[in-house]
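# Architecture and fold: a report
One-letter residues, chain by chain:
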Amino acid sequence: MGIFSSKNWWKTVTAILLIYTVIAGLLIDVPRQVILYESIRNLYFHVPMWFTMIFLFLVSMIYSIKNLSNGSMESDRKAIELVNTGVIFGILGIITGSIWAKFTWGAWWTNDVKLNGSAITMLIYLAYLVLRGSLEDEQKRARISAVYNIFAFVLLIVFIGILPRMTDSLHPGNGGNPGFNNYDLDDNMKLVFYPAVISWILLGWWISNLRIRKSRIEEKLES
Amino acid sequence: MGFFYVYPLNTQDLRKCLAIVISLSLKPFQQKQLYWQINGKKNWKRINKDWIQLIPLPPKSNGLKEFTALFLKDIKSEYRKRASLNGIFLYVISTVFVAYLIFNQIEDLNTWLALFWIILIFASTNASIHSFRSESSSEFYYFYGLINPFHLILAKLSFNAILLLIIALFNYFLFSILLENPVENKSLFLLVIVLGSLGLSATLTLVSAIASKTNNNSTLTAILGFPILLPTILTSIKASMLCGLGFGWEDISVYILSLSLLIVVIVALASVLFPYLWRS
């Protein structure tokens with residue numbers, strides 16, 4: 001049983017934290033807010049999705065920089081698989097957010113800065129995948145998509161950093177709405193929220209690791 | 001010059017042909033300048049004998065000179081291919097005219113701004129989509145050994161900035177004539193247009209450089225370009241909305257500053273990343 005071995009201890013931590021997140025997230029006491037009520041529990045699932053996605057895209061960009069600096073195909077593989085996993089988390093974030101919006105704001109999709117930002121993020125990374133698909137040569141594909149990845153990620157961060165601060169949003173913390181971390185997020189919720197964020201990020205890392213290993217094996221089988 | 005590529009060639013011949021292609025496409029003035037940059041002024045008369053010698057020499061260039069040469073080359077080649085430039089202007093004229101026929105006069109500020117920016121975005125995309133067309137052929141290999149990619153991207157960025165600026169101002173002029181001008185704060189709106197088209201040009205330059213690596217696939221350019229154009233576009237649209245309503249500097253300065261920040265970021269990224277594209 002390698003679950004406690006020095007190499008894999010973090011996977012055990014991830015599993016335990018995830019089980020804790022689901023059980024405690026659904027059972028522990030939450031503050032009763034108007035409109036939100038029990039749906040506030042979605043905080044443990046919706047918000048960490050975006051944190052995980054941004055984390056995976058960030059690491060992917062770092063591997064793209066590595067690829068440009070030394071031209072190794074291994075870092076290209078890591079970059080693409082991290083983006084693939086990040087896109088899955090982004091889609092999950094949109095779905096959880098959409099369900100939450102339906103029951104609190106009354107619509108599946110609203111014209112909100114953060115929603116538009118997430119849609120743009122998805123478009124950019126889907127374009128990244130299309131770009132990769134349209135290039136045949138491996139070295140060339142690695143380089144060009146690395147350039148696009150870096151360019152897109154930096155612009156995205158600037159965009160996400162600037163725009164929501166200038167416009168109103170239905171999300172907490174924007175346009176006069178109080179942020180969760182002011183007084184809504186009480187100690188009970190923090191007790192679940194922080195482990196939830198850590199465990200989802202670790203899960204994203206785990207999934208991308210598996211994907212990277214799978215693609216490595218596939219390449220070996222082909223050659 | 002198509003026949004050069006049809007005939008089966010070995011590498012020596014290819015280099016010779018490339019040299020001829022280049023020599024035909026550049027004016028003697030520029031030949032002299034390029035040769036000076038590489039070999040010094042003394043023995044530039046060898047230029048007619050030893051074209052092959054010219055190619056593999058390492059670049060020893062004066063940055064400003066190289067930049068100016070590349071910039072002038074862009075302007076001249078655009079001037080020679082006037083048809084494509086005229087096409088862009090005609091595109092702007094005809095779309096604005098269609099808008100005029102439909103609306104006659106737009107009183108609603110939102111509609112006016114939406115039409116203005118959409119026409120501007122599409123005209124800009126069409127204008128700069130092929131800015132690396134000449135570099136994507138085999139001439140690439142010739143330039144590769146000759147110039148510093150940093151100077152090339154700077155030349156392309158400035159050329160595209162000027163081109164798109166002209167298109168944007170032309171578009172504004174036509175809109176003001178045909179569809180009236182509902183914008184209250186005109187001077188600030190002009191500033192927003194200038195900054196917006198600078199941002200558009202910088203982004204589109206890098207995107208068209210990427211697209212030139214995929215055989216100038218124009219669908220791909222649109223797919224790649226529009227999502228990363230959105231930050232610039234949304235910020236400039238917000239700013240121009242406020243200008244249209246007649247807000248002053250103190251309300252719009254945030255947007256102006258963030259637009260300038262975006263432009264700086266885009267230009268910096270483009271000039272850092274382009275050499276890697278070049279090398280592939």
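Sequence order sets the numbering: in each chain, residues are counted from 1 along the sequence as written. Chains carry letters and ligands carry numbers; both start at the beginning, A for chains and 1 for ligands, and go up in the order they are written. Totals for whole chains, interfaces and linings use all residues, but because this is a predicted model, local features are given only for residues with pLDDT of at least 70 and pairs of side-chain atoms are given and counted only at 80 or more.

### Topic: the overall build of chain A
Basically, it comes down to this: Under the DSSP-based scheme used, a helix requires at least four consecutive residues in state H or I and a strand at least two consecutive residues in state E, with every element numbered from the N terminus. Burial is judged by counting the other C-beta atoms within 10 Å of a residue's own C-beta: 20 or more makes it buried, 12 or fewer makes it exposed, and any count in between marks it as partly exposed, with every C-beta position built from the backbone. Each residue gets a C-beta atom placed from its backbone, and two residues are in contact if those atoms lie within 7 Å.
Each helix and strand in chain A was counted, giving seven helices and zero strands. Scanning chain A from its N terminus toward the C terminus, one meets helices and strands in the order α-α-α-α-α-α-α. Among the 223 residues that make up chain A, the fraction classed as buried is 32%. A separation threshold of at least 6 residues defines the contact pool for chain A, and within that pool the share at least 24 residues apart is 74%.

### What to know about the overall build of chain B
Helices and strands together make up the secondary structure of chain B, namely 12 helices and zero strands. Secondary structure elements of chain B, listed N to C terminal, follow the sequence α-α-α-α-α-α-α-α-α-α-α-α. Here chain B holds 280 residues, and 36% of them are scored as buried. Excluding contacts between residues fewer than 6 apart, the proportion of contacts in chain B whose partners are at least 24 apart in sequence is 82%.

### As for the environment of B:A211
Along the chain, B:A211 falls in helix α10 (residues 186-212). Looking at B:A211, the number of C-beta atoms within 10 Å reads 28, which means it is buried.

### With respect to the environment of A:P48
Residue and element names in this part refer to chain A. Looking at the element boundaries, P48 is found in helix α2 (residues 43-70). Judged by C-beta crowding, with 27 C-beta atoms within 10 Å, P48 ranks as buried. Separated by 153 residues in the primary sequence, P48 and I201 place their C-alpha atoms 7.4 Å from one another. With residues up to four places along the chain from it excluded, the contact list for P48 reads A196, V197 and W200.

### Considering the interface of chain A and chain B
This is how it is decided: Under the scheme applied here, ten amino acids are nonpolar (Ala, Val, Leu, Ile, Met, Phe, Trp, Tyr, Cys and Pro), four are charged (Asp, Glu, Lys and Arg), and all others, including Gly, are polar.
Contact residues are listed per partner, giving 25 residues for chain A and 23 residues for chain B. Breaking the side of chain A that touches chain B down by element, the ones donating at least two residues are α4 (113-133) and α5 (138-166) of chain A. The dominant element in the side of chain A that touches chain B, judged by the number of residues it contributes, is α5(A), at 16 residues. Partitioned by chemical class, the residues of the side of chain A that touches chain B number 21 nonpolar, two polar and two charged.

### Side note on unusual backbone geometry
Backbone geometry places B:E180, a non-glycine residue, at a positive phi of 65°. By secondary structure assignment, the location of B:E180 is in the loop between α9 (149-178) and α10.

### Side note on the confidence of the model for chain B
Predicted coordinates in areas of low pLDDT are best not read in detail. Residue and element names in this part refer to chain B. Our working definition: What pLDDT reports is the predictor's confidence in each residue, on a scale of 0 through 100.
For chain B, per-residue confidence averages 79 on the pLDDT scale, and residues scoring 70 or more make up 73% of the total. Note on residues 1-9: pLDDT is under 50 here. Beyond four places in sequence and across chains, it has six contacts. The model gives residues 44-58 a pLDDT under 50, and that stretch makes 21 contacts with residues more than four places away or in other chains. For this predicted complex, the interface score ipTM comes out at 0.79, while the overall pTM is 0.78.

### Some thoughts on the nonpolar core
Basically, it comes down to this: The nonpolar core is taken to be a set of buried Ala, Val, Leu, Ile, Met, Phe, Trp, Tyr and Cys residues joined by way of C-beta atoms within 7 Å.
By size, the foremost hydrophobic cluster in this structure holds 110 residues, and its most contacted members are A:F151, B:I210 and B:A270. Each residue touching A:F151, except ones within four places of it in the same chain, is listed here: B:L206, B:I228, B:L269 and B:L273.

### A closer look at the packing of helix α7 (residues 109-128) of chain B against α10(B)
All names here are of chain B. This is how the line gets drawn: Helix axes use the C-alpha atoms of the stretch in contact, all axes being lines fitted to C-alpha atoms, and the angles between their N-to-C directions lie in the range 0 to 180 degrees. Here is the rule for angles: anything less than 35 degrees is roughly parallel, anything more than 145 is roughly antiparallel, 65 through 115 is roughly perpendicular, and the remaining ranges are oblique. Handedness of a helix crossing follows the sense of rotation of the near helix relative to the far helix, less than a right angle counterclockwise being left-handed and clockwise being right-handed.
Where α7 meets α10, the axes come as close as 10 Å, and the angle between the chain directions of the two elements is 40°. The pairing of α7 with α10 is recorded here as oblique in orientation. Considering only the axes of α7 and α10, their crossing is right-handed. Here I121, S124, T125 and S128 of α7 come into contact with α10, specifically with S197, L200, S201, L204, T205 and S208. Partitioned by chemical class, the residues of the contact of α7 with α10 number three nonpolar, seven polar and no charged.

### Focus: the packing of helix α6 (residues 82-103) of chain B against α7(B)
A pair of packed helices is characterised by two quantities: the angle between their axes and the separation of those axes. Residue and element names in this part refer to chain B. As a packed pair, α6 and α7 sit with axes 10 Å apart at the nearest point and diverge in direction by 160°. Classified by the angle their axes make, α6 and α7 are roughly antiparallel. Between α6 and α7 the crossing geometry is right-handed. For the pair formed by α6 and α7, the contact residues are I88, Y91, V92, T95, V96 and A99 on the first element and L115, I119, A123, N126 and A127 on the second. Of the residues belonging to the contact of α6 with α7, the class tally is nine nonpolar, two polar and no charged.

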